[in-house]
Amino acid sequence: MELETVQLNEHIAYVDNGLLGATRTGSTYVVRGDEIAIIETGTSASAPHILEGLSRLGIQPADVRHILLTHIHMDHAGGTGALLPAMPDAHVYIHSRTAKYLIEPADLLVSAQRALGPLFPLHGTVVRVPADRIVYADTLQLDLGRGVIVQAIYTPGHSPDHLAYFEVNSRCLFPGDAVGISVAVAGFDGPVTPPPASNIEAQRETFAKLLDLDIDMLLFSHYGASTVPARDHIALLQERYAHFLALVRAQWESGSIDYDAITRAMFDGERVPSQHAAIIVGWINMSVNGLVLAFERAGRKS
Ligand SMILES: [Zn+2]
(Lines give C-alpha, C1' and ligand atoms only; values in the text may rest on other atoms or scores of the structure.)
Protein backbone atom coordinates (compact mmCIF):
# COMPACT_ATOMS: atom_id res chain seq x y z
CA MET A 1 0.00 0.00 0.00
CA GLU A 2 1.43 3.36 -1.12
CA LEU A 3 0.66 5.86 1.65
CA GLU A 4 1.30 9.57 1.17
CA THR A 5 2.51 12.22 3.56
CA VAL A 6 1.60 15.82 2.73
CA GLN A 7 3.13 18.98 4.18
CA LEU A 8 0.37 21.61 4.03
CA ASN A 9 2.18 24.61 5.48
CA GLU A 10 5.00 25.42 7.87
CA HIS A 11 3.14 23.96 10.85
CA ILE A 12 0.69 21.35 9.55
CA ALA A 13 1.19 18.08 7.68
CA TYR A 14 -0.76 14.87 7.36
CA VAL A 15 -0.09 11.19 7.04
CA ASP A 16 -2.31 8.67 5.24
CA ASN A 17 -2.95 6.23 8.10
CA GLY A 18 -4.07 3.40 5.79
CA LEU A 19 -7.49 3.29 7.43
CA LEU A 20 -9.34 -0.02 6.99
CA GLY A 21 -6.57 -1.20 4.65
CA ALA A 22 -7.38 1.51 2.10
CA THR A 23 -5.42 4.49 0.78
CA ARG A 24 -6.67 8.10 1.11
CA THR A 25 -9.44 7.19 3.54
CA GLY A 26 -8.02 8.16 6.93
CA SER A 27 -5.70 11.05 7.77
CA THR A 28 -3.63 11.68 10.87
CA TYR A 29 -2.57 15.32 11.17
CA VAL A 30 0.69 16.57 12.58
CA VAL A 31 0.67 20.07 14.07
CA ARG A 32 4.05 21.55 15.02
CA GLY A 33 4.97 24.56 17.08
CA ASP A 34 7.78 24.12 19.57
CA GLU A 35 5.85 21.04 20.63
CA ILE A 36 4.26 18.43 18.38
CA ALA A 37 0.64 17.30 18.41
CA ILE A 38 -1.06 14.71 16.26
CA ILE A 39 -4.79 14.69 15.56
CA GLU A 40 -6.57 11.31 15.07
CA THR A 41 -4.99 7.89 15.42
CA GLY A 42 -7.05 5.75 13.04
CA THR A 43 -7.45 2.15 14.20
CA SER A 44 -4.79 0.07 15.93
CA ALA A 45 -3.85 -1.21 12.45
CA SER A 46 -3.04 2.39 11.51
CA ALA A 47 -0.34 2.75 14.18
CA PRO A 48 2.59 1.40 12.10
CA HIS A 49 1.53 3.55 9.13
CA ILE A 50 1.43 6.64 11.36
CA LEU A 51 4.89 5.87 12.76
CA GLU A 52 6.25 5.42 9.21
CA GLY A 53 4.62 8.66 8.11
CA LEU A 54 6.11 10.56 11.04
CA SER A 55 9.53 9.23 10.14
CA ARG A 56 9.06 10.40 6.52
CA LEU A 57 8.29 13.85 7.97
CA GLY A 58 11.49 13.68 10.03
CA ILE A 59 9.65 13.41 13.35
CA GLN A 60 10.66 11.11 16.20
CA PRO A 61 7.49 9.53 17.65
CA ALA A 62 8.91 10.11 21.14
CA ASP A 63 8.77 13.86 20.45
CA VAL A 64 4.97 13.79 20.09
CA ARG A 65 3.56 15.42 23.25
CA HIS A 66 -0.14 15.61 22.45
CA ILE A 67 -2.55 13.14 20.84
CA LEU A 68 -5.83 14.89 20.04
CA LEU A 69 -8.91 12.79 19.34
CA THR A 70 -12.09 14.23 17.80
CA HIS A 71 -14.31 11.46 19.22
CA ILE A 72 -14.27 7.93 20.53
CA HIS A 73 -15.16 6.00 17.34
CA MET A 74 -12.63 3.29 16.54
CA ASP A 75 -11.53 4.80 13.21
CA HIS A 76 -10.52 8.01 15.04
CA ALA A 77 -9.37 6.94 18.52
CA GLY A 78 -8.83 3.19 18.19
CA GLY A 79 -5.12 3.40 17.42
CA THR A 80 -4.21 5.50 20.46
CA GLY A 81 -3.21 2.68 22.83
CA ALA A 82 -1.13 1.04 20.10
CA LEU A 83 0.80 4.29 19.52
CA LEU A 84 1.52 5.13 23.16
CA PRO A 85 4.55 2.83 23.66
CA ALA A 86 6.29 4.84 20.91
CA MET A 87 5.12 8.15 22.42
CA PRO A 88 6.01 7.84 26.12
CA ASP A 89 5.60 11.57 26.88
CA ALA A 90 2.31 12.10 25.06
CA HIS A 91 -0.97 13.00 26.68
CA VAL A 92 -4.24 11.91 25.08
CA TYR A 93 -7.02 14.49 24.64
CA ILE A 94 -10.67 13.50 24.30
CA HIS A 95 -14.07 14.71 25.50
CA SER A 96 -14.73 13.85 29.17
CA ARG A 97 -17.93 12.04 28.21
CA THR A 98 -16.17 9.12 26.48
CA ALA A 99 -12.67 9.13 27.98
CA LYS A 100 -13.59 6.07 30.07
CA TYR A 101 -13.84 3.92 26.91
CA LEU A 102 -10.16 4.51 26.18
CA ILE A 103 -9.33 3.20 29.65
CA GLU A 104 -11.72 0.23 29.42
CA PRO A 105 -12.75 -0.41 25.80
CA ALA A 106 -15.02 -3.47 26.28
CA ASP A 107 -18.33 -1.57 25.89
CA LEU A 108 -16.91 0.45 22.99
CA LEU A 109 -16.08 -2.76 21.11
CA VAL A 110 -19.58 -4.15 21.65
CA SER A 111 -21.16 -0.92 20.42
CA ALA A 112 -18.80 -0.67 17.43
CA GLN A 113 -19.45 -4.25 16.37
CA ARG A 114 -23.19 -3.62 16.45
CA ALA A 115 -22.88 -0.37 14.47
CA LEU A 116 -20.25 -1.40 11.93
CA GLY A 117 -21.45 -4.87 10.96
CA PRO A 118 -19.29 -6.22 8.09
CA LEU A 119 -16.75 -3.39 8.46
CA PHE A 120 -16.02 -4.22 12.11
CA PRO A 121 -13.28 -6.84 11.48
CA LEU A 122 -11.27 -4.20 9.58
CA HIS A 123 -10.99 -2.14 12.78
CA GLY A 124 -8.58 -4.38 14.67
CA THR A 125 -8.57 -4.32 18.43
CA VAL A 126 -8.31 -1.49 20.95
CA VAL A 127 -5.35 -1.29 23.32
CA ARG A 128 -6.13 0.25 26.72
CA VAL A 129 -4.92 3.78 27.50
CA PRO A 130 -3.71 4.37 31.09
CA ALA A 131 -6.00 6.83 32.88
CA ASP A 132 -3.12 9.10 33.88
CA ARG A 133 -2.32 9.82 30.22
CA ILE A 134 -5.79 11.24 29.48
CA VAL A 135 -6.71 14.93 29.50
CA TYR A 136 -10.32 16.09 29.09
CA ALA A 137 -10.37 18.25 25.97
CA ASP A 138 -13.89 19.74 26.31
CA THR A 139 -12.57 23.33 26.51
CA LEU A 140 -9.03 22.75 25.30
CA GLN A 141 -6.82 25.68 24.36
CA LEU A 142 -3.42 24.17 23.58
CA ASP A 143 -0.47 26.49 22.96
CA LEU A 144 2.19 24.54 21.01
CA GLY A 145 4.53 27.54 20.80
CA ARG A 146 5.60 29.59 17.75
CA GLY A 147 2.09 31.03 17.55
CA VAL A 148 0.43 27.66 16.98
CA ILE A 149 -2.67 27.35 19.16
CA VAL A 150 -5.27 24.59 18.91
CA GLN A 151 -8.75 25.09 20.34
CA ALA A 152 -11.46 22.49 20.82
CA ILE A 153 -14.91 23.31 19.50
CA TYR A 154 -17.79 21.19 20.80
CA THR A 155 -19.56 19.84 17.71
CA PRO A 156 -22.03 17.08 18.65
CA GLY A 157 -24.37 15.42 16.17
CA HIS A 158 -22.30 12.67 14.59
CA SER A 159 -21.60 11.62 18.18
CA PRO A 160 -22.36 13.28 21.52
CA ASP A 161 -18.65 13.57 22.43
CA HIS A 162 -17.53 15.19 19.19
CA LEU A 163 -14.85 17.91 19.25
CA ALA A 164 -13.51 19.68 16.20
CA TYR A 165 -10.08 21.29 16.56
CA PHE A 166 -9.26 24.75 15.24
CA GLU A 167 -5.75 26.10 14.76
CA VAL A 168 -6.23 29.75 15.52
CA ASN A 169 -3.47 31.35 13.45
CA SER A 170 -3.77 29.39 10.19
CA ARG A 171 -7.55 29.18 10.74
CA CYS A 172 -7.41 25.51 9.75
CA LEU A 173 -10.30 23.40 11.07
CA PHE A 174 -9.93 19.70 11.82
CA PRO A 175 -13.63 18.78 11.73
CA GLY A 176 -13.30 15.05 12.39
CA ASP A 177 -16.73 13.75 11.37
CA ALA A 178 -18.57 16.88 12.58
CA VAL A 179 -19.86 17.89 9.14
CA GLY A 180 -19.55 14.55 7.32
CA ILE A 181 -16.78 13.21 5.15
CA SER A 182 -15.13 14.05 1.83
CA VAL A 183 -13.34 11.06 0.34
CA ALA A 184 -12.10 12.24 -3.06
CA VAL A 185 -10.74 8.84 -4.13
CA ALA A 186 -14.30 7.49 -3.84
CA GLY A 187 -15.94 10.66 -5.19
CA PHE A 188 -18.05 10.82 -2.03
CA ASP A 189 -19.09 13.84 0.00
CA GLY A 190 -21.75 13.08 2.56
CA PRO A 191 -22.93 12.47 6.08
CA VAL A 192 -22.01 9.68 8.45
CA THR A 193 -24.72 9.21 11.09
CA PRO A 194 -23.88 6.05 13.00
CA PRO A 195 -25.95 4.39 15.71
CA PRO A 196 -26.44 4.51 18.61
CA ALA A 197 -26.06 8.22 19.35
CA SER A 198 -26.23 10.24 16.14
CA ASN A 199 -28.44 13.25 16.93
CA ILE A 200 -30.29 15.21 14.24
CA GLU A 201 -30.97 18.39 16.24
CA ALA A 202 -27.39 18.59 17.54
CA GLN A 203 -26.12 18.07 13.98
CA ARG A 204 -28.18 21.04 12.76
CA GLU A 205 -26.66 23.24 15.45
CA THR A 206 -23.16 22.05 14.63
CA PHE A 207 -23.60 22.96 10.95
CA ALA A 208 -24.78 26.44 11.99
CA LYS A 209 -21.90 26.87 14.45
CA LEU A 210 -19.23 25.90 11.91
CA LEU A 211 -20.80 27.94 9.10
CA ASP A 212 -20.36 30.95 11.42
CA LEU A 213 -16.66 30.30 11.96
CA ASP A 214 -14.11 32.03 9.74
CA ILE A 215 -12.21 28.99 8.43
CA ASP A 216 -9.39 29.08 5.90
CA MET A 217 -9.09 25.37 5.25
CA LEU A 218 -10.97 22.19 6.17
CA LEU A 219 -8.72 19.26 7.02
CA PHE A 220 -10.86 16.16 6.93
CA SER A 221 -10.17 12.98 8.86
CA HIS A 222 -11.71 11.25 5.83
CA TYR A 223 -9.67 12.55 3.91
CA GLY A 224 -7.07 15.27 3.63
CA ALA A 225 -7.27 18.96 2.79
CA SER A 226 -10.37 20.28 1.10
CA THR A 227 -9.79 22.14 -2.16
CA VAL A 228 -13.17 23.88 -1.85
CA PRO A 229 -13.62 27.12 0.16
CA ALA A 230 -14.49 25.99 3.68
CA ARG A 231 -17.91 27.60 3.98
CA ASP A 232 -18.97 26.26 0.55
CA HIS A 233 -17.80 22.78 1.49
CA ILE A 234 -19.68 22.81 4.80
CA ALA A 235 -22.79 24.11 3.02
CA LEU A 236 -22.51 21.30 0.46
CA LEU A 237 -22.25 18.71 3.24
CA GLN A 238 -25.21 20.32 5.00
CA GLU A 239 -27.27 19.91 1.80
CA ARG A 240 -26.15 16.30 1.43
CA TYR A 241 -27.14 15.66 5.04
CA ALA A 242 -30.61 17.15 4.46
CA HIS A 243 -31.01 15.04 1.30
CA PHE A 244 -30.00 11.86 3.12
CA LEU A 245 -32.27 12.66 6.06
CA ALA A 246 -35.24 13.15 3.70
CA LEU A 247 -34.52 9.90 1.84
CA VAL A 248 -34.25 7.81 4.98
CA ARG A 249 -37.25 9.48 6.64
CA ALA A 250 -39.47 8.80 3.60
CA GLN A 251 -38.51 5.13 3.58
CA TRP A 252 -38.88 4.79 7.34
CA GLU A 253 -42.35 6.32 7.17
CA SER A 254 -43.27 3.92 4.35
CA GLY A 255 -42.50 1.04 6.74
CA SER A 256 -39.63 -0.61 4.86
CA ILE A 257 -36.06 0.48 4.29
CA ASP A 258 -34.48 -0.13 0.87
CA TYR A 259 -30.77 0.17 1.68
CA ASP A 260 -29.69 -0.31 -1.96
CA ALA A 261 -31.96 2.46 -3.22
CA ILE A 262 -30.68 4.87 -0.58
CA THR A 263 -27.07 3.93 -1.33
CA ARG A 264 -27.60 4.44 -5.09
CA ALA A 265 -29.13 7.85 -4.43
CA MET A 266 -26.16 8.93 -2.31
CA PHE A 267 -23.19 7.29 -3.99
CA ASP A 268 -22.11 6.39 -7.52
CA GLY A 269 -19.65 3.56 -6.91
CA GLU A 270 -19.32 2.58 -10.56
CA ARG A 271 -15.80 3.82 -11.25
CA VAL A 272 -14.59 3.63 -7.66
CA PRO A 273 -12.02 1.00 -6.58
CA SER A 274 -14.01 -1.87 -5.02
CA GLN A 275 -12.23 -1.60 -1.67
CA HIS A 276 -13.17 2.06 -1.33
CA ALA A 277 -16.69 1.45 -2.62
CA ALA A 278 -17.21 -1.27 0.02
CA ILE A 279 -16.18 1.14 2.79
CA ILE A 280 -18.46 3.94 1.58
CA VAL A 281 -21.41 1.54 1.15
CA GLY A 282 -20.75 0.14 4.64
CA TRP A 283 -20.74 3.64 6.11
CA ILE A 284 -23.97 4.57 4.27
CA ASN A 285 -25.74 1.43 5.54
CA MET A 286 -24.53 2.19 9.06
CA SER A 287 -25.75 5.77 8.67
CA VAL A 288 -29.23 4.62 7.59
CA ASN A 289 -29.42 2.57 10.78
CA GLY A 290 -28.25 5.54 12.83
CA LEU A 291 -31.01 7.80 11.48
CA VAL A 292 -33.68 5.11 11.88
CA LEU A 293 -32.68 4.76 15.52
CA ALA A 294 -32.85 8.55 15.92
CA PHE A 295 -36.37 8.58 14.37
CA GLU A 296 -37.49 5.76 16.67
CA ARG A 297 -36.08 7.56 19.69
CA ALA A 298 -37.92 10.78 18.72
CA GLY A 299 -41.09 8.75 18.10
CA ARG A 300 -40.96 7.22 21.56
CA LYS A 301 -40.57 10.66 23.13
CA SER A 302 -43.65 12.21 21.43
ZN1 LIG B 1 -17.19 8.72 13.89
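Right above here is the structure, for reference.
So, here's what we can say about the structure. Just so it is clear, the model here is predicted, and its values are computed rather than measured. Residue indices begin from 1 for each chain and proceed along its sequence in written order. Where local features are concerned, this predicted model is filtered to residues with pLDDT of at least 70; where side-chain atom pairs are given and counted, the filter is 80 or more; whole-chain, interface and lining totals use all residues. Water and hydrogen atoms were dropped before computing side-chain values, which therefore reflect all heavy atoms in the structure.

## Regarding the pattern of salt bridges
- Salt bridges are identified by distance alone: a Lys or Arg side-chain nitrogen within 4 Å of an Asp or Glu carboxyl oxygen. Enumeration according to the criterion identifies six salt bridges in this entry.
- Of the charged contacts, one joins Arg24 and Glu4 as a salt bridge, the two residues approaching to 3.5 Å between their closest N and O atoms. Here Glu4 lies in the segment before strand 1 (5-7) and Arg24 lies in the loop between strand 2 (12-16) and strand 3 (27-32), a separation of 20 residues in the sequence.
- On the basis of relative accessibility, which here comes to 41%, the residue Arg24 falls in the partly exposed class.
- Measuring nitrogen to oxygen at the nearest pair gives 2.6 Å for the salt bridge that ties Arg128 to Glu104. A residue pair is termed long-range when its members are at least 10 positions apart, and Arg128 in the loop between helix 5 (106-116) and strand 7 (134-136) and Glu104 in the loop between helix 4 (100-103) and helix 5 qualify at 24 residues. Think of it this way: any DSSP run of H or I at least four residues long counts as a helix, any run of E at least two long counts as a strand, and we number them from the N terminus. The cut-offs for exposure are 20% and 50% of the maximum accessible area for each residue type, with area from a 1.4 Å probe on protein chains only; residues under the lower value are buried, those over the upper are exposed, and the others partly exposed.

## Quick look at the side chain of His158
- Here His158 is to be found in the loop between strand 9 (148-154) and strand 10 (163-167).
- We call two N or O atoms a polar contact when they sit within 3.5 Å, provided that within protein one can donate a hydrogen and the other can accept it, with sequence-adjacent residues counted only if both atoms are side-chain atoms. A polar atom in the side chain of His158 sits 3.2 Å from the side chain of His71.
- Side-chain polar atoms of His158 contact the backbone oxygen of Val192, separated by 2.7 Å.
- Any two residues having at least one pair of non-hydrogen atoms within 4.5 Å are treated as being in contact. Setting aside residues no more than four positions away along its own chain, His158 makes contact with His71, His73, Asp177, Val192, Pro194, Ser198 and Gln203.

## Description of the packing of helix 7 (residues 230-254) against helix 8 (residues 259-266)
- Axis lines are fitted to C-alpha atoms, over the contacting stretch for helices. Their N-to-C directions set the angle, which ranges from 0 to 180 degrees. The contact between helix 7 and helix 8 brings their axes to 11 Å, and the two run at 160°. Relative to helix 8, helix 7 is oriented roughly antiparallel. As helix 7 runs across helix 8, the sense of the crossing is right-handed. Here Arg240, His243, Phe244, Leu247, Val248 and Gln251 of helix 7 lie close against helix 8, whose contacting residues are Ala261, Ile262, Ala265 and Met266. Any angle from 65 to 115 degrees is called roughly perpendicular, while one under 35 is roughly parallel, one over 145 is roughly antiparallel, and all others are oblique. Each helix crossing is assigned a hand: it is left-handed if the near helix lies turned anticlockwise from the far helix by less than a right angle, otherwise right-handed if that turn is clockwise.

## Details of the environment of Val129
- Counting through the fold element by element, Val129 comes out in the loop between helix 5 and strand 7.
- Its relative accessible area of 2% is what places Val129 among the buried residues.
- Setting aside residues up to four positions removed in sequence, Val129 forms contacts with Thr80, Gly81, Leu84, Val92, Leu102, Ile103 and Ile134.

## Some remarks on empty space enclosed by the protein
- The definitions used throughout rest on a 1 Å grid laid over the protein atoms alone, on which a cavity is an enclosed set of points accommodating a 1.4 Å probe that cannot get out and a pocket is an open set flanked by protein within 12 Å on both sides along at least five of seven lines; lining residues are those having an atom within 4 Å of a point. Grid points are joined across faces, edges and corners, and a volume is the space filled by probe spheres set on the points. This structure, assessed with the given rule, holds two cavities of 30 Å³ or more.
- Approximately 40 Å³ is the volume attributed to the largest cavity.
- Taken together, Asp177, Ala178, Val179, Gly180, Pro191, Val192, Gln203, Phe207 and Tyr241 make up the lining of the largest cavity.
- Each residue is assigned to one class: nonpolar for Ala, Val, Leu, Ile, Met, Phe, Trp, Tyr, Cys and Pro, charged for Asp, Glu, Lys and Arg, and polar for all the others, Gly among them. When the residues that make up the lining of the largest cavity are grouped by side-chain class, the tally is six nonpolar, two polar and one charged.
- Counted as a void, the second largest cavity has a volume near 30 Å³.
- Forming the walls of the second largest cavity are Gln7, His11, Ala13, Val30, Arg32, Leu57 and Ile59.
- When grouped by side-chain class, the residues that make up the lining of the second largest cavity number four nonpolar, two polar and one charged.

## Considering the packing of helix 6 (residues 200-211) against helix 7
- Viewed as axis vectors pointing N to C, helix 6 and helix 7 meet at an angle of 165°, and their least axial separation amounts to 10 Å. With respect to helix 7, the element helix 6 is oriented roughly antiparallel. In this structure, helix 6 meets helix 7 at a crossing whose hand is left-handed. Where helix 6 approaches helix 7, its residues Ile200, Gln203, Arg204, Phe207, Leu210 and Leu211 are matched on the opposing element by Arg231, Ile234, Ala235, Leu237, Gln238, Tyr241 and Leu245.
- Per-class residue counts for the contact of helix 6 with helix 7 are nine nonpolar, two polar and two charged.

## Quick notes on the packing of aromatic side chains
- In this scheme Phe, Tyr and Trp rings, the latter by its six-membered ring, pair at centre separations within 6.5 Å, and the angle between planes marks the pair as stacked below 30 degrees, edge-to-face above 60, and tilted otherwise. Enumeration according to the criterion identifies six aromatic pairs in this entry.
- Relative to Tyr29, the ring of Tyr14 has its centre 5.5 Å away and its plane inclined at 55°; by these criteria the two rings are tilted. Highlighted residues: Tyr14 in strand 2 and Tyr29 in strand 3, separated in sequence by 15 residues.
- Residues Tyr14 and Tyr223 carry aromatic rings whose centres are separated by 5.6 Å and whose planes lie at 85° to one another, so their mutual orientation is edge-to-face. Of the two residues, Tyr14 sits in strand 2 while Tyr223 sits in the loop between strand 14 (217-220) and strand 15 (224-225), which places them 209 residues apart along the sequence.

## A word on the sheet that holds strand 9
- Spatially, the six strands line up as an open sheet ordered 8-9-10-11-14-15, and their pairing is mixed. Each of the sheet's edge strands pairs with one partner strand only, and the pair in question is strand 8 (141-145) and strand 15.
- Here, a strand pair is defined by DSSP locating no fewer than two bridges between the strands. Note: strand 11 (residues 172-174) against strand 14, two bridges, orientation parallel. Within the sheet, the bridge partner assigned to Cys172 lies in strand 14 and is Met217.

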